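As a plain string of letters, each chain reads:
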Amino acid sequence: MRDRLWYGVFLCGLAPFLWLVFLVVSDGLGANPIERITHFTGDWQLNLLLTTLAMTPLRRLTRKNVFIRFRRMLGLFAFFYVCLHFSTWLVLDQFFDWDDIVRDIAKRPFITVGFTAFLLLIPMAVTSTKKMVQRLGPYWRKLHSCIYVIGTLGIIHYLWLVKADKLVPIIYGSIFVLLLVLRLPVPQWLKDLPPLLPQTGNQPG
Amino acid sequence: MLIKRPPDIKPSEITSLSLYLRRREFLKDSALAGLAIAGLGASAPITAATAEKLVNIRKSPLSTNEELTPFEAVTNYNNFYEFGTDKEDPAANSGKFKPHPWSVQVAGQCAKPGTYNLEDFIKPHALEERIYRLRCVEAWSMVIPWVGIPLADVLKRFEPTGNAKYVAFTTVMRPNEMPGQRRAVLEWPYVEGLRMDEAMHPLTILAVGLYGAVLPNQNGAPLRLVVPWKYGFKGIKSIVKIEFTENQPPTTWNISNGQEYGFYSNVNPEVDHPRWSQGKERRIGEFLKRKTLMFNGYADQVASLYTGMDLQKFY
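As a starting point, this report considers the structure included with it.

Let us now look at the pattern of salt bridges. Should their charged atoms come close, side chains of opposite charge can pair. One pass over the structure, following the stated rule, counts 28 salt bridges over all chains. Its salt-bridge partner being D93 of chain A, residue R282 of chain B comes within 3.0 Å of it at the nearest N-O pair. With R282 of chain B in strand 11 (residues 280–283) and D93 of chain A in helix 4 (residues 71–93), this residue pair bridges two chains. Residues R282 of chain B and D93 of chain A agree in their burial class; the two are buried. Between R275 of chain B and E260 of chain B there is a salt bridge, with the nearest N and O atoms lying 2.8 Å from each other. Taken together, the residues R275 of chain B in the loop between helix 8 (252–256) and strand 11 and E260 of chain B in the loop between helix 8 and strand 11 connect sequence positions 15 residues apart. Just as R275 of chain B is buried, E260 of chain B falls in that class too. If you follow the salt bridges from partner to partner, you end up with E66, R133, R135, E281, R283, E286 and R290 of chain B in one network.

A few words on the pairing of strand 7 (residues 205–210) of chain B. Residues and elements named next belong to chain B. Across the six residues of strand 7, six count as buried, placing the element largely inside the fold. Where strand 4 (residues 140–150) and strand 7 come together, five bridges link them in antiparallel fashion. Among the inter-strand pairings, V147 is bridged to a residue of strand 7, identified as G209. Judged from the three bridges that link them, strand 7 and strand 9 (residues 224–226) form a sheet pairing that is antiparallel. Residue I205 lies in a different strand from strand 9, and its bridge partner there is V226. Where strand 7 meets strand 8 (residues 213–214), two bridges bridge the pair, whose relative direction is antiparallel. Pairing of G209 across the sheet is with V214, part of strand 8. Connecting strand 7 to the antiparallel partner strand 8 that follows it, the hairpin turn spans two residues, and Y211 within it adopts a positive phi of roughly 50 degrees.

The next point concerns a nonpolar patch on the surface. A cluster of nonpolar side chains, W19, V21, F22, V24 and V25 of chain A, forms an exposed patch at the surface whose accessible area comes to about 500 Å². Following the sequence through the fold, V21 of chain A ends up in helix 1 (residues 4–25).

Moving on, we get to the packing of aromatic side chains. What characterises a pair of aromatic rings is the spacing of the ring centres plus the angle enclosed by the ring planes. Residues and elements named next belong to chain A. Following the criterion strictly, the structure yields 31 aromatic pairs over all chains and no others. Geometrically, the ring pair formed by F86 and F115 is tilted, given 5.7 Å between the ring centres and 35 degrees between the ring planes. Of the two residues, F86 sits in helix 4 while F115 sits in helix 6 (residues 109–126), which places them 29 residues apart along the sequence. Under the relative-accessibility criterion, F115 is labelled partly exposed at 22%.

With that out of the way, let us pick up the interface of chain A and chain B. The interface of chain A with chain B comprises 21 residues on the first partner and 27 residues on the second. The largest per-residue losses of area from chain A upon contact with chain B belong to A31, R108 and K163 of chain A, which jointly make up 34% of the total buried on that side. One can count eight salt bridges joining chain A with chain B. Between K280 of chain B and D100 of chain A there is a salt bridge, and its shortest N-O distance comes to 3.0 Å. For the pair chain A and chain B, the number of links is 13 residue pairs in polar contact (both at pLDDT 80 or more). Among the elements of the structure, helix 2 (33–62), helix 4, helix 5 (98–107) and helix 9 (146–161) of chain A are those that each provide at least two residues to the side of chain A that touches chain B. For the side of chain A that touches chain B, the element with the highest residue contribution is helix 4 of chain A, accounting for three residues. Classifying every residue of the side of chain A that touches chain B gives eleven nonpolar, two polar and eight charged.

Residues and elements named next belong to chain B. Its location among the elements puts H125 in the loop between helix 5 (118–122) and strand 3 (128–135). Take H125: its relative accessible area is 13%, and that puts it in the buried class. Beyond its immediate stretch of four places on either side in the chain, H125 contacts I149, D153, V154 and R157.

Grouped together as the largest cluster of nonpolar side chains are 81 residues, with contacts concentrated most on F121 and W146 of chain B. Residue contributions to this core peak at six residues, all from strand 4 of chain B. Among all residues touching W146 of chain B, those that are not within four sequence positions of it are E128, E129, R130, Y132, L134, I205, A207, G209, L210, L215, R224 and V226 of chain B. Residues Y81, L84, C146 and V162 of chain A belong to the second largest nonpolar core, which totals 41 residues.

Procedures and definitions
- Residues numbered from 1 in each chain as written.
- Chains lettered and ligands numbered in written order.
- Predicted model: local features only at pLDDT ≥ 70, side-chain atom pairs only at ≥ 80, totals over all residues.
- Heavy atoms only, no water.
- Salt bridge = Lys/Arg side-chain N within 4 Å of Asp/Glu carboxyl O.
- Helix = DSSP H or I, 4+ residues; strand = E, 2+ residues; numbered from the N terminus.
- Buried < 20%, exposed > 50% of the residue type's maximum accessible area, 1.4 Å probe, protein only.
- Pairing = 2+ DSSP bridges.
- Patch = residues over 30% accessible without salt bridge, like charges linked within 9 Å, V, L, I, M, F, W, Y side chains within 5 Å.
- Areas by Shrake-Rupley, 256 points an atom, 1.4 Å probe, with all protein chains shown as cover.
- Phe/Tyr/Trp six-rings, centres within 6.5 Å; stacked < 30°, edge-to-face > 60°.
- Contact = heavy atoms within 4.5 Å.
- Buried area = accessible area lost by both parts, 1.4 Å probe.
- Polar contact = N/O pair within 3.5 Å; in protein donor to acceptor, adjacent residues only side chain to side chain.
- Nonpolar A, V, L, I, M, F, W, Y, C, P; charged D, E, K, R; others polar.
- Core = buried A, V, L, I, M, F, W, Y, C linked by side-chain atoms within 4.5 Å.

Written out as structure tokens, the structure reads:
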């Protein structure tokens, strides 16, 4: 099962983290390293989340099961980056100032939604093993459709924290919406359309 | 990363502020000055060593003796949306910006309106070093050794009339040289304003340099406002117009989001930004956050400007 492709995908998921470690040890994080780490891990959490969500539509469009093979791994990488993101905030940014942490979660809407998204990801990560999939049966699917809520909250979190330039969170949001649309069943009227006929007769005789 | 580009301005075309200010020493130092200017023309990153030096700078009792934020951080971590919204954008994207020649238009309620070239604008005043705390609304702070002149001395020269209740400032509009202005992230050009007594306060300066050298493009060259008890965005950069007005002038961030950014925008740990706390700040270079001080620690000097005002309302 752990073939070359598996290691390749695994390395791709880990690469941003390795790059971050390199930036830390080479003093490459700029004037405000904590802010940089926070943004970096937040960006990669969203990147991995969207990549995970792209697997189902990719299988649908290409009819290749290979995409589903890596869905769980990518989802777990998304969880890995959100853990880094959250602990950066907790440890490096707030340095265990519990009063402020609790106040921020309660009072700052962008933190409230971000924190909620993080909490919702925990049961998904815990139930990601094969055993859990079997044990939970039909409930597993229900539980894991949480990902749509998490994605929405993650994008709102980003949208609400930027000061003026909303372009990047809007791009993320658009990709997210597109990935949801690509999951919808093909409507009957679209299936009922007659097949296109080959074009003829448009050259002057 | 060091990207060499051909100089955008021929070194021979530059009459720089520093050269002007040191004109009497010109003959003696011309070789050295020439070198420094050649360095300015190329867009290699500015370092403390290559920045064009200013001379005859007086010390000021208004300076803080806190530890300075390193030159590299001051010139590479900037909010200057005209050059892009990331902190590193201004340093990366301001290489094409031409701060020379430069002129400033003075207008409105005063006896001597007109357009002045920068050298004439600065000439009558002695340069001072002012080491100030800078507190950004994003809850980080720095300590910066500015070089500048008290705004009050400048404004008095234009003889404001009794109707001059406010001073309005405008940033240059140059989308060709300022890539951030090509997108309406904010309403361009950037505008700011002060009440007359704030503008005349001895702490308020117009800066032409930092760290003893000419202001780098990314920090608002060639002329910017510094008001140390207010959030950093009040310190409008690359100023081309100063107008005395009777009514409170519009300000860019207030236009963008009036709930979050008021006209006064005094540093105030008690009045939170709606989206984040203003109680603490991270001094660039430090790990633990420190408490934010009322009026950024300048309460003794400026609190009297606001007696009787509800600062929750006039944020």
